[in-house]
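Structural overview
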Amino acid sequence: MIKTIVKDIFFLGQKSQRATKEDLYIGQDLQDTLNYHRETCLGLAANMIGYQKRVIIISMGFVDLVMFNPEIVAKSEPFDAEESCLSLTGSRLTKRYRQISVTYRDSNWMTKTITLKDLPAQICQHELDHLEGIII
């Protein structure tokens, strides 16, 4: 279901709770909402659509990746980035890493680890900040 983008700073500033198998439907809501905003959006966190759960989706070009309970397990090559967000007005400067490895659960609740580079890594880090209540 396409969800409304949350812009409430108080809500966005709260840490998200771990997802469970009962939260798998959130992945579809993230996919539907990302598809709707495809021209201006490369990723979403669950709290951006009203769920305080640790679920994100990132665009990797021709495919989107939904991650449940993602955690960065390695990072390298820091750089300064400027980012914008559907939930916020304007853009902000932040520190990112060109390469990260992330452990997560997929939609079959299988544990996976993926290494992301460049733009997909940056998108993932932005969405992970949302899960921590960090507003970038």
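Just so it is clear, the structure is predicted and the values come from calculations on it, not from any experiment. (Residues numbered from 1 in each chain as written. Predicted model: local features only at pLDDT ≥ 70, side-chain atom pairs only at ≥ 80, totals over all residues. Heavy atoms only, no water.)

1. Looking at the layout of surface pockets
- For the largest pocket, the calculated volume is near 300 Å³.
- Lining the largest pocket are 15 residues, and of these Leu42, Ser84, Cys85, His126 and Glu127 sit closest to its centre.
- At the level of secondary structure, the elements contributing two or more residues to the lining of the largest pocket comprise strand S3 (64–84) and helix H3 (118–131).
- Here the lining of the largest pocket gets five residues from one element, more than from any other, and that element is H3.
- Looking at side-chain class alone, the lining of the largest pocket contains seven nonpolar, five polar and three charged residues. (1 Å grid on protein atoms, 1.4 Å probe; cavity = no way out; pocket = protein on both sides within 12 Å on 5 of 7 lines; lining within 4 Å. Points joined across faces, edges and corners; volume = space filled by probe spheres on them. Helix = DSSP H or I, 4+ residues; strand = E, 2+ residues; numbered from the N terminus. Nonpolar A, V, L, I, M, F, W, Y, C, P; charged D, E, K, R; others polar.)

2. Details of the side chain of Asp64
- With respect to the helices and strands, Asp64 occurs in strand S3.
- A relative accessible area of 18% places Asp64 in the buried class.
- At a separation of 2.6 Å, a polar atom in the side chain of Asp64 contacts the side chain of Gln31.
- Of the polar contacts made by the side chain of Asp64, one reaches the side chain of Arg38; its length is 2.7 Å.
- Each residue touching Asp64, except ones within four places of it in the same chain, is listed here: Gln31, Leu34, Asn35, Arg38, Ile57, Ile58 and Ser59. (Buried < 20%, exposed > 50% of the residue type's maximum accessible area, 1.4 Å probe, protein only. Polar contact = N/O pair within 3.5 Å; in protein donor to acceptor, adjacent residues only side chain to side chain. Contact = heavy atoms within 4.5 Å.)

3. Topic: the pairing of strand S2 (residues 55–59)
- Most of S2 is tucked away: five of the five residues are buried.
- Covered by surrounding structure in S2 are Val55, Ile57 and Ser59 together with Ile56 and Ile58, the residues of both alternating faces.
- Sheet topology note: the strand S1 (residues 43–45)/S2 ladder contains three bridges and is antiparallel. Bridging from a neighbouring strand, Leu44 pairs with Ile57 of S2.
- Linking two consecutive strands that pair antiparallel, namely S2 and S3, is a turn of four residues; a positive phi of about 100° is found at Gly61 within it. (Pairing = 2+ DSSP bridges.)

4. Digging into H3
- Compared with an ideal rise of 1.5 Å per residue, which puts 14 residues at 20 Å, H3 spans 20 Å between its outermost C-alpha atoms and is within 8% of the ideal.
- Across the 14 residues of H3, eleven count as buried, placing the element largely inside the fold.
- Within H3, burial applies to Ala121, Gln122, Ile123, Cys124, Gln125, His126, Glu127, Leu128, Asp129, His130 and Leu131.
- The secondary structure elements touched by the buried residues of H3 are helix H1 (9–12), S1, S2, S3, strand S4 (91–105) and strand S5 (111–117).
- Within two residues after H3, Gly133 carries a phi angle of roughly 80°, on the positive side. (Expected span 1.5 Å × (residues − 1).)

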